Every structure is written in structure tokens, then in C-alpha cells.
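# Analysis of the macromolecular model
This is what each chain is made of:
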Amino acid sequence: MLAVEENPCGTVRSLPLRGLLNSCPAGVASCPASSCPFWSPRSPRPTLPEPVPLGPRAPAGRMEFSELIRTGRAQAELLPGPEEPPLRGTLCVTGHHLLLSPGPPSTADLWLLLLRSVDSIEKRVAGDSGTITLRCKDLRVLQLDIEGVEATLDIARSIEALSSLESVITSFPFFYRPKGLRLGDAWHFHPPECYYKRVARETNAWRLSEVNQDFSLCPSYPRAVIVPRAVDDDALARSARFRQGGRFPVLCYHHAPSGTVLLRSSQPLTGPQKRRCAEDEDLLRAVLAGAHPGARGFIVDTRSAQAAKQARMTGGGTEAKAAYPGWKRLHRPLERGRALQESFVRLVEACGDPEQSMDRWLSRLEGCRWLAHVKEALSTACLAAQGMEREGACILVHGAEGRDSTLLVTSLAQLILDPLSRTITGFQELVEREWIQAGHPFQLRCAHSAFSHARPKHEAPTFLLFLDCVWQLGRQFPLSLEFGEGLLLALFEHAYASPFGTFLCNSEKERCLCEVRTRTHSLWSGLNQLKEQRKLRNPLYVLNPLAIWPSVEPQSLRLWQGLFLRWTRPPESSEVAWEKVWQIVTEREKTKGSQPTAST
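Computed from a predicted model, the values in this text were never measured in an experiment.

Packing of helix H8 (residues 370-389) against helix H9 (residues 405-417) brings their axes to within 8 Å, and their N-to-C directions diverge by 60°. As far as their axial angle goes, H9 and H8 are oblique. At the point where H8 passes H9, the crossing takes the right-handed sense. Listed contacts from H9 to Ala377, Leu378, Thr380, Ala381, Cys382, Ala384, Ala385, Met388 and Glu389 of H8 are Leu408, Val409, Leu412, Ala413, Ile416 and Leu417. Here the residues of the contact of H8 with H9 are counted per class, giving 13 nonpolar, one polar and one charged.

Overall, antiparallel pairing links the seven strands, which are arranged S6-S5-S4-S3-S9-S8-S7 in an open sheet. Unpaired on one side and paired on the other, strand S6 (111-114) and strand S7 (118-126) mark the two borders of the sheet. For this sheet, the mean angle separating the axes of adjacent strands, direction not counted, is 30°. Sheet topology note: the strand S4 (residues 87-93)/strand S5 (residues 97-102) ladder contains five bridges and is antiparallel. Directly across from Thr90, in S5, lies its bridge partner Ser101. Each of strand S3 (73-79), S4, S5, S7, strand S8 (129-136) and strand S9 (141-147) touches helix H1 (residues 149-162); the most contacted strand, S7, lies at about 170° to it.

What the rule picks out here adds up to 26 salt bridges. A salt bridge links Glu515 to Arg519, with the nearest nitrogen and oxygen atoms 4.0 Å apart. Judged by relative accessible area, which is 43%, Glu515 ranks as partly exposed. A relative accessible area of 26% places Arg519 in the partly exposed class. Three or more residues joined by partner-sharing salt bridges are found here, namely Glu432, Glu508, Arg511 and Arg517.

A separate point is the sheet that holds strand S14 (residues 297-301). As summarised here, the arrangement of the five strands in space is S12-S13-S16-S14-S15, forming an open sheet in which the pairing is mixed. Across the chains shown, the open sheet's two edge strands, defined by having one partner strand only, are strand S12 (250-255) and strand S15 (327-331). Taken over all neighbouring pairs, the strand axes of this sheet differ in orientation by 20° on average, direction set aside. In the sheet, strand S13 (residues 260-264) pairs with strand S16 (residues 394-398) via three bridges, with the strands oriented parallel. The residue of S16 that forms the bridge with Arg264 is Val397. Sitting on the sheet, helix H4 (residues 278-289) is in contact with S13, S14, S15 and S16, with an inclination near 105° to S15.

Turning to H8, a few remarks are in order. Each turn of an α-helix holds 3.6 residues, which means side chains three or four residues apart point in the same direction. Its 20 residues give H8 an end-to-end C-alpha distance of 28 Å, which sits within 8% of 28 Å, the value for a rise of 1.5 Å per residue. Within the sequence span of H8, burial applies to Trp370, His373, Val374, Ala377, Leu378, Thr380, Ala381, Cys382, Ala384, Ala385, Gly387 and Met388.

Let's shift gears to H4. Taking 1.5 Å of rise per residue, 12 residues should cover 16 Å, and H4 covers 16 Å from first to last C-alpha, within 8% of that figure. Among the residues making up H4, those that are buried are Asp280, Glu281, Leu283, Leu284, Ala286, Val287 and Leu288.

This part covers unusual backbone geometry. For Leu139, which is not glycine, the phi dihedral falls at a positive 80°. Residue classification places Leu139 among the buried residues on the basis of a relative accessible area of 8%. If you check the backbone angles, Cys505 has positive phi at about 70° while not being a glycine. With respect to the helices, strands and loops of the structure, Cys505 is situated in the loop between helix H13 (485-496) and helix H14 (508-513).

We now examine the pairing of S6. Consecutive residues of a regular strand have side chains that alternate between opposite faces of the sheet. Burial along S6 is two-sided: the face carrying Trp111 and Leu113 and the face carrying Leu112 and Leu114 are both buried. With four bridges joining them, S5 and S6 adopt antiparallel strand pairing. Considered in S6, the bridge of Leu99 is made with Leu112.

Rules behind the numbers
- Residues numbered from 1 in each chain as written.
- Predicted model: local features only at pLDDT ≥ 70, side-chain atom pairs only at ≥ 80, totals over all residues.
- Heavy atoms only, no water.
- Axes fitted to C-alpha atoms, helices over the stretch in contact; angles between N-to-C directions.
- Helix = DSSP H or I, 4+ residues; strand = E, 2+ residues; numbered from the N terminus.
- Parallel < 35°, antiparallel > 145°, perpendicular 65-115°, else oblique.
- Left-handed = near helix turned anticlockwise from the far one by under 90°.
- Contact = heavy atoms within 4.5 Å.
- Nonpolar A, V, L, I, M, F, W, Y, C, P; charged D, E, K, R; others polar.
- Pairing = 2+ DSSP bridges.
- Salt bridge = Lys/Arg side-chain N within 4 Å of Asp/Glu carboxyl O.
- Buried < 20%, exposed > 50% of the residue type's maximum accessible area, 1.4 Å probe, protein only.
- Expected span 1.5 Å × (residues − 1).

The structure is reproduced here in C-alpha cells:
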């Protein structure tokens, strides 16, 4: 009998079973499902602790995963994809996984699927058997042919229940204990002093403030933020109350060559009466004073002028020109929310149709407008980066709440300008700082992918759009990014379903309530293992100290085939090419190392 060990990128390998309970694929000392093949009837049946009431329907009281498992096992055949052979064996449902164990004659490894990665389920029955089609959040489509009608229906209901648990602490990251990693490893990106203290040392205009220590101003912001030194904490608190959600302007990047800064915030709550806040005005005035003499600033609003005007009727708005001297407002509308999600869905539907003609494919690709969203995001980021690099101006980016398109622009602008952000470590810190700590609500935005029939208004693939834009940068500048496509694919998969706790919850306050950083493992600790680096690192990387300016012309942008088409076409060619590049680079390094040095 075999148990499994899952590596950070989601692949599975088999290992000898040294103890049924300690090697349980659910990742806990005793599997919480009594029907799990790795569960021993002699061990006590564990129960879950009282869940933190996060989510609209967090379960009350104590529960067991076994209550949601109607049928623990059945004989089944798995059809993993068009290019892969079928796999037949015993299908088992555990608290967090679906696994298929091939029979003794087979040499195949145990197949494992994290139930949280299931996006939608379709079931059909005919005669004395049935078929379950699983559409996953990573865009895979899996088919299971199961013996027995009742077993088919029971397994489908079990998967539906276990894949949609809403309480955060019932999720797999709170049970995952991989070998070789310790709790607390690689959470060093929090708090953000590692970057902000360096900025404070480089300039006397900025300081690290813990005005948000108890999350009273903004649940999304971390406890420590960097703010102008000339503005005291009382003024910051009044500025926070003047902006939606308490997201007052904070520094996210200091561009040392020009001495300018990039800030982000939410919209000001001016309302129809055109309210003002003296402290907020002083804060932005102090930003220009701390940059360089005569500095000016641009406010990049990621909404259209009409949308900003309409927001005033519900209490929002934008900065008045007369109240913020030295700042000029620019509107660069970016789609978010429902429109972005529908674009993603239409693109995935087009990529999953293998029988369409060339004209039909091109028409559907244009109609989904996904590449148009990529172009708009890169264009706006270039505008912000150009203002800092070439105009010597400070930039403030915001939309309505400052948690979606705002973060998209600020993170891309840093990749364009900052060579450190283009390293593996720097990019991880960028994602941690500009997405996770800045309050992007991953639990809401990534609840479903492109296959779910539900269309909640809070879902949107904003983070996926960011990863696509980064892929475009890597394709246009293949030597300037230390990481390759593998890291971007891993981040996409883990954002939607992960055994790690990095992307859990919607804000810093929720992560503290759930004790995510003490009770789960960090994704970065898994990705930074030596065995993973070969998959993630770009072997052609050369440090480029200059800014990289991407082209956004139609002929310069490409469909990200490695993501959107990876399950519908053979991947061998790209994998072989990647391994060949690594082989060439490795042999070249060995040749250099073996050459004798000239004697003096």
C-alpha cells in the first residue's frame, strides 16, 4: 500500500507507507474521515475546533468530515486528459482529497486531487454505472467513470459538500504538515519592515508608523505602514476616516534614482456636498515636499471620469483640483468585477472548444476582450512608471476601494522600474506586500474559477490578470526576469486552491483572527526549496538595472498558451525546450569551471 506526499507545485509522488495515520494524505495525524482507507478504527475519531465565524455560513458547533462523506470508496476509471492514458483503481474520498489507488498489477503512482480545487461537478448515470466530470479551478477537466449508480451520486454529493466548505479553519492548510518544513518558516515577509525600514533609512521624509496596530483604521492594511514623517498619527487617523475603508495614502515604492514615490489608497469620501479633509490634503502636500524641490504629483484614478462622478452620489468621489495643489488627476479606467470575470469565462470556453474553425477562434478570442484588459493594465502601469522615471513626479493610484485595479497598477509599475522586483525573492516580496498585505480579498475573488455556474458579484480574476501581464513582460524581456512561467503557474494554482496558508482570508485582520501565520505553512517556504528552483528559475536571467518598457501594440501581446491551453494540447514541446535550455546552461557552467586559470 502506498501513501502520498504532495510537493508545493501540486504534483504527487508515491512513498512507502510507514504508518497509516502519520502518512495520511489529508495531512493530519489521524484522518478525520472514518471512510478514508488510511484511517484506523482503533484511533479516536477527531473533531474540528470551533471555527472562526468568517464567511456568510460558517458552521456552528463541532463537526466531522465523515458526516459529509456518503460513500468512502468505489471502483472507478479516471480519464485525466486527451493526451493521457486512463487510470483504473479504487476511488476514495477523504476530508480534503479525492484519490485513486491503482490495482497491484499497475506501477502507476497514487493519483491525488485537492477537493478545494474543484470548481464545478457534472454527473450522469446510465445503466448500472455513472460518470462524474470535474472541472477544476486550474482549468483541468477530469472524467471519472464509476461503478454503481448509487455510488456515483453519493461521491458527487460528497465532493460538492467538501469542496465548498466556507469556514476558513476547516480548509486543508490548517492540517497540512509536509516533511522538511516547519511552522513559521518563510513568514519573514510580515511585517513589512524588511522593505519599508530600508526606505526610511534612505530618506528622512518617510517613517514607519504603527497607527493601525489594532486594525481600527483599516482591517486590510498591515499593522505597520510607511507614511510621511511630517504627518502625525492623529492626522493619519482623520485622513483614514475621510477615505473609504480607512485606506489612507501609504507608500508602496520609493524610486531612489528620481527620489519620487508611488502611493496607493482608496477613494476620498467627498460625497455630493464635496466634503474636504484638511489632514488628507496636508498628507499629500507633505508627500511632494519630501520628494524634491518643485515636485509635482499625478493621481491616477482607475475609474472613468463618469464613474467617479457617479460615486459621489453614494458618498465617494475623487480629489478636488483646488484642494490638492501640485497634483493633477488622470482617469485611466480599468475593468474589474463582473466584467473581468465574464471575459475570463468566455476565454476559457473558447480555449476548450477543439472543433472550431480558425475564423471562429479568432472571433471568439477578440470577443472575450481578455487581451484588451492586459493591454489596458500594462498601459496604465507604464503611465505611472513613466511619471516617476521620466517626469520626476510622485504617483498616487486609487480606484474605489483600492484593493483590485489599484494593486494591479502599483505592482506592475514596480516590476517595470525596479530590477530587484524582477528577482525571485523580490517578486515574492512584491506579491506579499502589494497583494496579500495590501488587502486583496483572495477568499472572495478566487472562490471560483471559470467553470462555476454561480456568478457571485465579488469574484474577479484580478490577480490572474496581473500574472498574465507579468508573463507578457517575461516574454518581451526573456533575460530580465529571474523567474519563469513555472512560478506564475504555481501562483495561479495556489491562489485558487492551496495546501499552504499564504492566500487564505480577505484581509490582515482575518489572517490574525485565524492565526494563519502560526497554524499554516507559507507558500514561499515550499517554493524556495532547492528541488523546486529548477522549475521556477529562468536559466537565461541576467540582471538588468534599467527599466523595462513593454510594448502594448496588438502584435506584441500574445495569448498565454502555457496557462489557457496547457490541458488541451500536448505540453511535451515546451517542457523539452525548457529542459534543453537548462542542459545547455549547466554544461556551459561546467565547462567554464573546468577551464584552467592563467598563471601570473
